[in-house]
Amino acid sequence: MKKMDESELKRQVIENGNIPRHVAIIMDGNGRWAQKRGRPRVFGHQQGMKSVRAVVEACRELGCEVLTLYAFSEENWSRPLTEIKALMRLLQNYIEKEKQNLRSNGIRVGCIGRLEKLSDAPRNAITDAVRFTADQKQMLLNLAVSYGSRAEIVDAVRRLAGEVAAGRLAPAEINETTLAGALYTADLPDPDLLIRTSGEMRLSNFLLWQVAYTEIYITDVLWPDFRKQNLFEAVAAFQKRERRFGKVEKSGRNNRKPKDKP
Ligand code: FPP
């Protein structure tokens with residue numbers, strides 16, 4: 001079957017009307033992409049930045065509210081120091097170079113993870129971009145940096161336990177809402193669509209609580225090859241899914257008829 005061209009696919013996805021509010025992406029396969037070309041892993045990460053720019057643009061064009069990118073996991077701290085430094089430098093360069101452009105496009109930068117573990121330069125670049133774009137309302141670019149979902153849940157439980165110990169919260173008042181409200185993602189809708197590149201069938205400690213009812217889309221495309229077309233294909237696949245949220249009858253955002261209002 002002939003592949004639909006990018007602008008036609010985008011037109012159809014927008015026409016359908018079921019745009020995921022929150023897209024989350026596990027950007028995987030940079031190392032393999034580089035290895036296939038006989039180049040160092042860092043080369044794959046550098047090329048992956050083109051894909052980052054492409055998905056930010058694509059999500060903005062579709063009107064997604066939140067794009068969360070898994071930029072650096074808690075587990076990534078155990079990679080060789082040279083690779084960690086290269087990843088941090090890429091993150092910092094991206095933020096410094098793009099913050100004006102992001103702001104001009106109505107994009108606010110946010111960050112989830114244990115940012116305090118970063119060295120000064122990348123941490124300051126991120127906090128500066130968060131401040132610089134704070135009043136933008138079209139889309140949130142949420143960077144998961146030094147992020148681990150289990151650590152996030154532990155942090156949340158510790159916070160709630162502190163509230164209980166201080167007598168401000170009764171154990172019986174702890175429920176799914178209070179726990180969700182203590183996560184780094186407290187103010188965000190749960191992801192509607194989770195994309196993972198390079199064919200791996202794992203969640204890798206990413207947003208474990210938040211993806212309870214998220215549609216998962218896995219593609220064999222390696223991250224440095226992922227472009228707008230691939231993002232639109234993922235959203236088109238999402239639009240064909242029937243989301244039941246554990247119920248029998250059809251319900252939920254994804255089962256609205258095209259063009260229906262929420
Ligand atoms: C996985 O590929 C990718 C990463 C660990 C890092 C992704 C980070 C970037 C593209 C740069 C920073 C991002 C932003 C948002 C500015 P891998 O190395 O695990 O690949 P492999 O599985 O093929 O070895």
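None of the values given here were measured: they were computed from a predicted structure. (Residues numbered from 1 in each chain as written. Predicted model: local features only at pLDDT ≥ 70, side-chain atom pairs only at ≥ 80, totals over all residues. Heavy atoms only, no water.)

Notes on the site of the ligand
To keep it simple, the criterion reads: When at least one non-hydrogen atom of a residue lies within 4 Å of a molecule or strand, that residue is treated as near it. Two N or O atoms count as a polar contact when they lie within 3.5 Å, although within protein this holds only if one can serve as hydrogen donor and the other as acceptor, and sequence-adjacent residues are included solely when both atoms are side-chain atoms. Areas reported as accessible are Shrake-Rupley estimates using a 1.4 Å probe. Residue values count occlusion only from the protein chains shown. Helix and strand definitions here come from DSSP, where helices need a minimum of 4 consecutive H or I residues and strands a minimum of 2 consecutive E residues; each element is numbered from the N-terminal end. Three residue categories are used. Nonpolar comprises Ala, Val, Leu, Ile, Met, Phe, Trp, Tyr, Cys and Pro, charged comprises Asp, Glu, Lys and Arg, and polar comprises the others, including Gly.
Around the ligand lies a shell of 17 residues, among which Met27, Asp28, Arg32, Arg41 and Arg79 are the nearest. Interatomic distance of 3.0 Å between a backbone N/O atom of Gly31 and an oxygen atom of the ligand. Arg41 places a polar side-chain atom, nitrogen or oxygen, 2.6 Å from an oxygen atom of the ligand. In the complex, the protein chains occlude 92% of the 630 Å² of accessible area that the ligand would expose alone. Where the shell around the ligand is concerned, the elements lending two or more residues are α2 (30-36), α3 (41-62), β2 (66-73) and α4 (81-104). For the shell around the ligand, the class distribution of residues is 8 nonpolar, 5 polar and 4 charged.

Digging into the pattern of salt bridges
Test applied: Each reported salt bridge corresponds to a side-chain nitrogen of Lys or Arg within 4 Å of a carboxyl oxygen of Asp or Glu. In this scheme, a residue with accessible area under 20% of its type's maximum is buried, one over 50% is exposed, and one in between is partly exposed, where area comes from a 1.4 Å probe on protein chains only.
Summed over the entire model, instances satisfying the criterion amount to 20 salt bridges. Salt-bridge contacts for Glu8 lead to Arg11; the nearest nitrogen and oxygen are separated by 3.1 Å. Of this pair, Glu8 and Arg11 both sit in helix α1 (residues 6-16), separated by 3 residues, roughly a single helical turn. For Glu8, a relative accessible area of 26% corresponds to the partly exposed category. The salt bridge involving Glu200 is made with Arg32; its shortest N-O contact spans 3.0 Å. Remark: Arg32 occurs in helix α2 and Glu200 occurs in the loop between β5 (193-196) and β6 (215-218); sequence separation between them is 168 residues. Since its relative accessible area comes to 32%, Arg32 is described here as partly exposed. A single salt-bridge network, built from bridges that share partners, covers Asp28, Arg32, Arg196, Glu200 and Arg202.

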